[in-house]
Amino acid sequence: MEPSLARVDYLQVGVTAQKTMRLLPASGKKATQKVVVGDQDGVITCFGIKKGEAVPVFKTLPGQKIARLELGGALNTPQEKIFVAVGSEVRGFTKRGKQFLSFETNLTESIKAMHISGADLFLCASYIYNHYCDCKDQHYFLSGDKINDVLCLPVDKVKCITPVLACQDRVLRVLQGSDLLYEVEVPGPPTVLALSNGNGGDSGEEIVYGTSDGKLGLTQIAGSKPVHKWEVGNEKKRGGILCLDSFDILGDGVKELLVGRDDGMIEIYAFESSDEPVLRHDYALSESIASIQGGCVGKDGYDEILAATYSGWLTGLTTEPVHREGGSGEELKLSQEMQNKISSLRNELEHLQMKVLQEREKYQQSSQSSTAVSSVPVFSVNEKFTLNKDDASYSLILEVQTAIDNVLVQSDVPVDLLDVDKNSAVVSFSSCDSEPNSNFLLATYRCQANTTRLELKVRSIEGQYGTLQAYVTPRIQPKTCQVLQYQIKPLSLHQRTHSIDQDRPMNTLTLKGQFSFAEIHSWVVFCLPEVPEKTPAGESITFYFQNTFLGTQLETTYRKGEGYFKSDNISTISILKDVLSKEATKRKINLNISYDVNEESVRHTLKLIHPKLEYQQLLAKKVHLIDALRELQVHEGNVDFLLPKYRSILEEADQLLEEFKRQPAHLERLYGMITDLFIDKFKFKGTNVKTKVPLLLEILDGCDQDGLIAFFDAA
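Worth saying up front: this structure is predicted, and the values here are computed from it rather than measured.

The rules behind these values
Residues numbered from 1 in each chain as written. Predicted model: local features only at pLDDT ≥ 70, side-chain atom pairs only at ≥ 80, totals over all residues. Heavy atoms only, no water. Helix = DSSP H or I, 4+ residues; strand = E, 2+ residues; numbered from the N terminus. Rg over C-alpha atoms; globule rule 2.2 N^0.38 Å. Buried < 20%, exposed > 50% of the residue type's maximum accessible area, 1.4 Å probe, protein only. Contact = heavy atoms within 4.5 Å. Pairing = 2+ DSSP bridges. UniProt positions renumbered as here; feature names shortened; annotations may be inferred. Axes fitted to C-alpha atoms, helices over the stretch in contact; angles between N-to-C directions. Parallel < 35°, antiparallel > 145°, perpendicular 65-115°, else oblique. Left-handed = near helix turned anticlockwise from the far one by under 90°. Nonpolar A, V, L, I, M, F, W, Y, C, P; charged D, E, K, R; others polar. Phe/Tyr/Trp six-rings, centres within 6.5 Å; stacked < 30°, edge-to-face > 60°. Lys NZ or Arg CZ within 6 Å of the ring centre and 35° of its normal.

Side note on the overall build of the protein
Then step 1. Scanning the protein from N- to C-terminus turns up 11 helices and 43 strands.
Then step 2. A globule of 715 residues ought to have a C-alpha radius of gyration of about 27 Å, and the protein, at 29 Å, matches this closely.
Then step 3. The dimensions of the protein, computed from C-alpha atoms along their principal axes, are 85 × 75 × 75 Å.
Then step 4. Considering the protein as a whole, with its 715 residues, one finds that 50% of them fall into the buried category.
Then step 5. A separation threshold of at least 6 residues defines the contact pool for the protein, and within that pool the share at least 24 residues apart is 56%.

With respect to the pairing of strand S15 (residues 163-167)
Then step 1. For S15, the tally of buried residues reaches 5 of 5 residues, placing the bulk of the element in the interior.
Then step 2. Taken together, the 5 bridges between strand S14 (residues 147-152) and S15 define a ladder with antiparallel strand orientation. Each bridged residue has a counterpart across the sheet, and for Leu151 the counterpart in S15 is Val164.
Then step 3. When S15 meets strand S16 (residues 171-176), the two strands line up antiparallel, connected through 4 bridges.

Observations regarding the UniProt feature "domain: BBS7 beta-propeller" (unreviewed entry) in the protein
Then step 1. Following the UniProt record, one finds the feature "domain: BBS7 beta-propeller" (unreviewed entry) at residues 21-319.
Then step 2. Here residues 21-319 runs as 1% helix and 54% strand, with 20 Å between its end C-alpha atoms.

Here we look at the packing of helix H6 (residues 599-636) against helix H9 (residues 666-683)
Then step 1. Relative to each other, H6 and H9 sit at 160°, their axes nearing to 9 Å. Taken together, the axis directions place H6 and H9 in an arrangement best described as roughly antiparallel. Every pair of crossing elements has a handedness; the one defined by H6 and H9 is left-handed. Contact residues: Glu599, Val602, Thr605, Leu606, Ile609, Lys612, Leu613, Gln616, Gln617 and Ala620 in H6; His666, Leu667, Leu670, Tyr671, Ile674, Leu677 and Lys681 in H9.
Then step 2. Within the contact of H6 with H9, the residues separate by chemical class into 10 nonpolar, 4 polar and 3 charged.

Section: the packing of aromatic side chains
Then step 1. Across all of its chains, the model carries 14 aromatic pairs by this definition.
Then step 2. Between Trp230 and Phe271, the aromatic rings sit 6.2 Å apart at their centres with planes inclined by 55°, giving tilted as the arrangement. With Trp230 in strand S21 (residues 226-232) and Phe271 in the loop between strand S24 (265-270) and strand S25 (278-284), this pair connects stretches of sequence that are 41 residues apart.
Then step 3. The class of Phe271 is partly exposed, set by a relative accessible area of 26%.
Then step 4. Taking 5.6 Å as the distance between ring centres and 85° as the angle between the ring planes, the aromatic pair formed by Tyr465 and Phe526 counts as edge-to-face. Of this pair, Tyr465 sits in the loop between strand S35 (453-460) and strand S36 (466-474) while Phe526 sits in helix H4 (residues 517-527), and the two are 61 residues apart along the sequence.
Then step 5. Residue classification places Phe526 among the partly exposed residues on the basis of a relative accessible area of 29%.
Then step 6. Through pairs of rings, three or more aromatic residues link up here, namely Phe517, Phe543, Phe545 and Tyr558.
Then step 7. The ring of Phe100 carries the charged tip of Lys81 above its face, separated from the ring centre by 6.0 Å.
Then step 8. It is Lys534 that lies over the ring of Tyr127; its NZ or CZ is 5.8 Å from the centre.

A closer look at the sheet that holds strand S2 (residues 21-23)
Then step 1. With respect to topology, 4 strands assemble into an open sheet ordered S2-S3-S4-S5, the strand pairing being antiparallel. The outermost strands of the open sheet, each flanked by one partner alone, are S2 and strand S5 (53-59). The sheet shows a mean angle of 25° between the axes of neighbouring strands, direction not considered.
Then step 2. In this sheet, strand S3 (residues 35-38) lies alongside S2 in antiparallel orientation, the contact comprising 3 bridges. Bridged to Met21 within S3 is Val37.

Structural data, given as C-alpha cells:
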C-alpha cells in the first residue's frame, strides 16, 4: 500500500547545516514530540505544534554557527539532553533550554562532525578525530583524508567502544582506541552514517552509509573484517545523500529507511521480503534536505517525516488525512479552523509589509545622510563542484537562502556547458575574446521566480587547466553578488579509485630532485582532483586514479626527492611531465626527469577509445539523417518502403536528438584525444608529427580500428 503523506510547512529558522535537527523523545506513546533545531545564526530553537501552530519552548541568542546538533543522556534512559557543536566548543542544554555544559575542546579547527554515547563524546575536525569521556581526552587519530561524519557502535550491544569515521577518500575507517583497526572501501565518498534500524541491527554492528554521488549501502562492522550486506546504486541520477533515519512510517511494524538528498528528494525505503531495501515512496522539495527525522509532530497519533531544508524550513510529510470524513458539523468546524488560520496569516502579512516599508524608508533616509555608510547584504551560498563518473562531467550546484536572480559563469579554459534536465533557467552565451584575456566561456543563467537552487554541468579538456568562476546574484536589494572560484586541474577527468589493473601495459615517468615530500604533494594536488590538501603522514604515499572519460588509469607513488607516475595512457604521462616541470621551474628546483614508454600501451588506449568513437560516429550519422527521413515521411505518408534500419532511426528520433543534445562536442573530444595520443607518442621519441594530423583525421572519419593502429605504427 502506498503511504498517503500530506505536506505541512511548520516554521522557518536561519540557514541550517547537515544533521542539526532532532526530535526530542515523546512523553507518552503516540504523543507529539518537540522539535529542536540549530541554525547558522547560532540560534537553537525548540518548539512543539498545537492546533497546527508552532509554539516555542525556548530559543537561544544568536552566536557562532551551529555545525552539528545531537541528543544525549545516560545510557538506557531517554536521550533528551541537547548538545551542539559551535566552533571548537560543545554546549549542552536541557530540554527546557537551560545550559548545563560549555566544553572548550583542544581542537584547533572547528568541529565538523559529532556523536554522543552516554558519557562518551566523539568529535571530528577536518582531519582530526578526538574521543572524550566525561570531557577528558581519551583517544586521538589523524585521518588520511577529510572526515565527513562519525559514529560509534552501540556500547550496550557491542560491549566495546568502536568508532567509525566516514572519510572523503571513499573509505570508512574503523578505530580501536587511537589505532586504525581496518578500512572499509565504499563505492563513493561517504557523507553520512547511521545505525541500521536506529540501533545497529540485532548484532549492533550494522551501519548504513550514504555517499555524495547518491549511493546507499549497509556494512556489518565485525571484529576482524567488514561484511558488505547490500548496496543501492543511484540509477535515477539523483543528488548526494545528506541525512538518514530509521522510522516505521508505513505502520507495518518494520522500520523504514528515510533518506534526504541534496537535490530536495525525500525517499522511503522499505525492507519487504528480502534484506535489501526497496524504494516505496519519494517526495520532492525545492531545496536540499539537511536533516531528516521520523516521529509524531503535528498531531497525537499521526506519524510523520520531518525534514529541515538548507534555507531553514521545517517541513513535515504527515499521515494525518487532509480531508476528514464525517458529517457537515465536522466540515464546518474544519472550515472555521481554516478561516481563523487564513485570517491570522493575512494579519501577519500586513504587519510584515508595513515593517518592510518602514525599514525601506529608514534605509533611504540613512543612505542619503552625510554620515551614510554603504552596507552590502550578506547571503550564504551552499555550493558543490563534483566530478560525475557516469558521464565524465563536473556538476556545479549552487543553492542560495533566497531566490536567485542570475548566475554568470566565466572560464579562462575551454569547457563545454552540458544540458541539465532539472534546470529551468534561461541560458545566454556572450561572445568572448580568448586571446588577450584568456576568456573562453561567458554564459548567463537567468532564473525563474523563486528558484533557490541551480545545477550546471561542465566538461573540461585534460591538459588545459585554469579557473571557472560563478558570479551569483540573488533577488535582494541593494543588488549584490558573490564570486565563487573552482580550479579546473590538468588531469581534471581523473577520479580516485581503490585499486587498478596491474596487468595493463604501463608507461612510467620518474622524477628525482631536491624537493621535499610536502612540495611534491602540493604538485600532485595541483594536477589531480580528490587529493587531500594536507601532506600525508609517513614517508611515502600511493594514490590510484581512473580516467572517467576513457577508463585509463594512473598510479602515483612519491616521497621526499623522488616520484613515480605510471599510466596506460601516454597522454596522461605527457601532461604530468609538462605541468610538473613547470611547477618545479617556478620554485627554481632542478628536476631529473626520465620516462619509460611502452609501445603496446598506445594500441591498448586506442582499443579503449575505439568503441566510443564508433558509437558517437554512428549517432552523428543517424542524427544527420533524421530531417531527411522526416521529410520523406511527410511527402510519402508511409515509411514501410524504407529499410528497417532507417525506420528504427525515425522511431527513435526523439531519443537520438536528446542524447546528441546532451553530449555536445563528444565526437570532437574523441578526435582531440586520439590526435593528442598520436602527437604524444612521437613527442617522447623527439619527433614532431603535427604535419601528419590532417591524414590522421581522414582515417578517423573512416572509423577503421586496424587502419588506425597501422597508421600509428607506420608514422
